[in-house]
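Observations on chain architecture
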2 protein chains.
Amino acid sequence: MSTSGGRPRNRRGDGALLREEIVRGAGRLLEETGSEDAVTLRAIARTVGIAAPSIYAHFPDRESVLLAVVQDAFADLGRAMTMVDEADPVARLRAVCAAYLDFALTRPARYRVLFGGAWSAARAQETPTVAADAATVGFDVFDVLVRAVRDCADAGRSTGTDPFADATALWAGLHGLAALRPVTPMFPWPDGVLDRLVDRLVLLT
Amino acid sequence: MSTSGGRPRNRRGDGALLREEIVRGAGRLLEETGSEDAVTLRAIARTVGIAAPSIYAHFPDRESVLLAVVQDAFADLGRAMTMVDEADPVARLRAVCAAYLDFALTRPARYRVLFGGAWSAARAQETPTVAADAATVGFDVFDVLVRAVRDCADAGRSTGTDPFADATALWAGLHGLAALRPVTPMFPWPDGVLDRLVDRLVLLT
DNA sequence: CCTACCGATCGGTAGG
DNA sequence: CCTACCGATCGGTAGG
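Residues numbered from 1 in each chain as written. Chains lettered and ligands numbered in written order. Predicted model: local features only at pLDDT ≥ 70, side-chain atom pairs only at ≥ 80, totals over all residues. Heavy atoms only, no water.

Points about the protein's contact with DNA strand C
DNA strand C sits among 15 residues. The nearest are Leu18, Ala51 and Ser54 of chain A together with Arg42 and Arg62 of chain B. For DNA strand C, the fraction of protein-proximal atoms (within 4 Å) that sit in sugar or phosphate groups is 60%. In the environment of DNA strand C, a phosphate oxygen lies 3.3 Å from a nitrogen or oxygen atom belonging to the side chain of threonine 40 of chain B. (Near = heavy atom within 4 Å. Polar contact = N/O pair within 3.5 Å; in protein donor to acceptor, adjacent residues only side chain to side chain.)

This is the structure:
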């Protein structure tokens, strides 16, 4: 069934190149199918254009490929939230939240893998080192949120007195939107839900 | 491998009984494994104590069994939210939200199946009649929320002027909590997050 | 990086 | 409600 009949050979010194192709192929596959289970070694191999066993030269097993996808996605999300360029703390908080939501809406399957549970809760007990890592990175993302909220309070733009608790509520609201929107195409989400959440949960003035 | 060696024969007229056992077994399996994919026909058959092909006497295919689980879960959630017995509208809204969250936290896998997307968005296009049904029931659950919010506004206990929009934001917050909590065992969720969300998003006075 | 292959598991059918 | 079985797919290994 291999329609490609082989792939152009990599140049010397490109040993890490294929590894990257595998991770990106797996990510693309995740996004196209919307399901983590559809990202099989064979499917990955097909999209990359190699034989399935060749993946084992770069990863010990399927789970490790998925973990690499998760780590990449966490890094992307963190980068998107950090790269926000706004001086005003309120504008910055809004932009950070918008970046979070944008990531989730443009890459719903990737986002679902990040906070869907398989890589933080369940597997954290089975493979502590590996999944604790993913969990930690997830908390880093949350910290960006806490800091943005605290900056608003420090600037006297929020009447909230507990930035951590406020950020927690905000995270819940953000995640709710991020998770529900891609799943409810028929639902008439009102305009400005995001700003409504930010305004009210952070008690912006 | 069948350790049970057959099951006691049902009494006459219990034709619908096994169907129920299958759905409940599938639900239990879903909760124990946490994954929809683990609910295979063979696994269901094992928990119920029958042979896998026997399921076809009650359901045309695997998808239909899962749909029955989803419909049951929607009915359960709707019932739990409606059965709330509080006269004061604010107390009632809080109780409705608590019931929603309680359902999600005590049956996380079932909740995930309800609002995880597989049964509302994706499959709605493939099998319109079937999944549109599930989506409708999901909206019924949301309507309970809207009414509870509106009752607060009508009683002058909320300064919100758009019950639908407020309920939408509240739903996002609720779902965020419901989805994130089971997945973040290490995260120090502050006490009273739920009430904080309700208070602020519905502008309770 | 490849072909060839194993053992396991799945959804579903045949036939009773 | 059962046994027996098919075709497909999977993760992973052998051996090069």
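Some thoughts on the relation of the copies chain A and chain B
Under the fitted operation, chain A is carried onto chain B by 0.0 Å of movement along the axis and a turn of 180°, and the coordinates agree to an RMSD of 0.0 Å. When the rotation and shift are considered jointly, the pair of chain copies conforms to a two-fold rotation axis. Mapped onto chain B, 100% of the interface residues of chain A again fall at the interface, so both copies present the same surface. (Least-squares fit on C-alpha atoms with pLDDT ≥ 70 in both. Contact = heavy atoms within 4.5 Å.)

Regarding the protein's contact with DNA strand D
Around DNA strand D, the structure places 14 residues, and the nearest of them are Arg42 and Arg62 of chain A together with Leu18, Ala51 and Ser54 of chain B. The sugar-phosphate portion of DNA strand D accounts for 60% of its atoms within 4 Å of the protein, the bases making up the rest. Contact distances for DNA strand D include 2.3 Å between a base nitrogen and a side-chain N or O atom of arginine 42 of chain A. Arginine 62 of chain A has a polar backbone atom sitting 3.0 Å from a phosphate oxygen of DNA strand D. Here the residues of the surface near DNA strand D sort into 7 nonpolar, 3 polar and 4 charged. (Nonpolar A, V, L, I, M, F, W, Y, C, P; charged D, E, K, R; others polar.)

What to know about the UniProt feature "DNA-binding region" (unreviewed entry) in chain A
UniProt records the feature "DNA-binding region" (unreviewed entry) at residues 40-59 of chain A, using the numbering of this structure. Secondary structure content for residues 40-59 of chain A is 40% helix and 0% strand, while the C-alpha to C-alpha distance between its ends is 13 Å. (UniProt positions renumbered as here; feature names shortened; annotations may be inferred. Helix = DSSP H or I, 4+ residues; strand = E, 2+ residues; numbered from the N terminus.)

So, the pattern of salt bridges
Residues and elements named next belong to chain A. Per the stated rule, a full pass over the model turns up 14 salt bridges over all chains. In this structure, the salt-bridge partner of glutamate 31 is arginine 110, at a minimum N-O distance of 3.5 Å. Of this pair, glutamate 31 sits in helix 1 (residues 15-33) while arginine 110 sits in helix 5 (residues 108-115), and the two are 79 residues apart along the sequence. Residue classification places arginine 110 among the buried residues on the basis of a relative accessible area of 18%. (Salt bridge = Lys/Arg side-chain N within 4 Å of Asp/Glu carboxyl O. Buried < 20%, exposed > 50% of the residue type's maximum accessible area, 1.4 Å probe, protein only.)

Brief notes about the packing of helix 9 (residues 193-201) of chain A against helix 8 (residues 163-180) of chain B
Closest axis-to-axis distance for the helix 9 of chain A/helix 8 of chain B pair is 10 Å, and the angle between their directions is 75°. Classified by the interaxial angle, the pair formed by helix 9 of chain A and helix 8 of chain B is roughly perpendicular. Contact residues: helix 9 of chain A offers Val193, Arg196, Leu197 and Arg200 of chain A, while helix 8 of chain B offers Ala165, Asp166, Thr168, Ala169 and Ala172 of chain B. Partitioning the contact of helix 9 of chain A with helix 8 of chain B into residue classes produces 5 nonpolar, 1 polar and 3 charged. (Axes fitted to C-alpha atoms, helices over the stretch in contact; angles between N-to-C directions. Parallel < 35°, antiparallel > 145°, perpendicular 65-115°, else oblique.)

Re the interface of chain A and chain B
How big an interface is tends to be reported as the loss of accessible area on association of its parts. Counting residues at the interface gives 37 residues for chain A and 37 residues for chain B. For the chain A and chain B pair, buried surface summed over both sides reaches about 3100 Å², with 78% attributable to carbon and sulfur atoms. Ionic pairing is found between aspartate 166 of chain A and arginine 196 of chain B, a salt bridge with its closest N-O pair at 3.0 Å. At the level of secondary structure, the elements contributing two or more residues to the side of chain A that touches chain B comprise helix 5, helix 6 (118-126), helix 7 (128-154), helix 8 (163-180) and helix 9 of chain A. For the side of chain A that touches chain B, the element with the highest residue contribution is helix 8 of chain A, accounting for 13 residues. Its residues placed into classes, the side of chain A that touches chain B shows 24 nonpolar, 8 polar and 5 charged. (Buried area = accessible area lost by both parts, 1.4 Å probe.)

Thoughts on helix 9 (residues 193-201) of chain B
Restricting attention to buried positions, one finds in helix 9 of chain B the residues Val193, Leu194, Leu197, Val198, Arg200 and Leu201 of chain B. At its buried positions, helix 9 of chain B is contacted by helix 8 and helix 9 of chain A together with helix 4 (89-106) and helix 8 of chain B.

Some details on the packing of aromatic side chains
Given two aromatic rings, their pairing is described by the distance between the two centres and the angle made by the two planes. Enumeration over the complete set of coordinates arrives at 24 aromatic pairs over all chains. Ring geometry for phenylalanine 187 of chain A and tryptophan 171 of chain B: centres 5.3 Å apart, planes at 65°, overall edge-to-face. In this pair, phenylalanine 187 of chain A sits in the loop between helix 8 and helix 9 while tryptophan 171 of chain B sits in helix 8, so the two residues belong to two different chains. For the pair phenylalanine 187 of chain A and tryptophan 171 of chain B, one class covers both residues: buried. (Phe/Tyr/Trp six-rings, centres within 6.5 Å; stacked < 30°, edge-to-face > 60°.)

Brief notes about the environment of aspartate 195 of chain A
Residue and element names in this part refer to chain A. One can find aspartate 195 in helix 9. By relative accessible area, aspartate 195 is classed as partly exposed at 36%. In the structure, aspartate 195 is positioned 97 residues away from alanine 98 in sequence and 9.0 Å away in space, judged by C-alpha atoms.

A closer look at the packing of helix 3 (residues 62-82) of chain B against helix 5 (residues 108-115) of chain B
What describes two packed helices is the angle between their axes and the distance between those same axes. Residue and element names in this part refer to chain B. Close contact between helix 3 and helix 5 brings their axes to 10 Å; oriented N to C, the two are set at 105°. By the criterion of interaxial angle, the relationship of helix 3 to helix 5 is roughly perpendicular. Facing Val70, Ala73, Phe74 and Leu77 of helix 3, the residues of helix 5 in contact are Arg110, Val113, Leu114 and Phe115. Class assignment for the residues of the contact of helix 3 with helix 5 results in 7 nonpolar, no polar and 1 charged.

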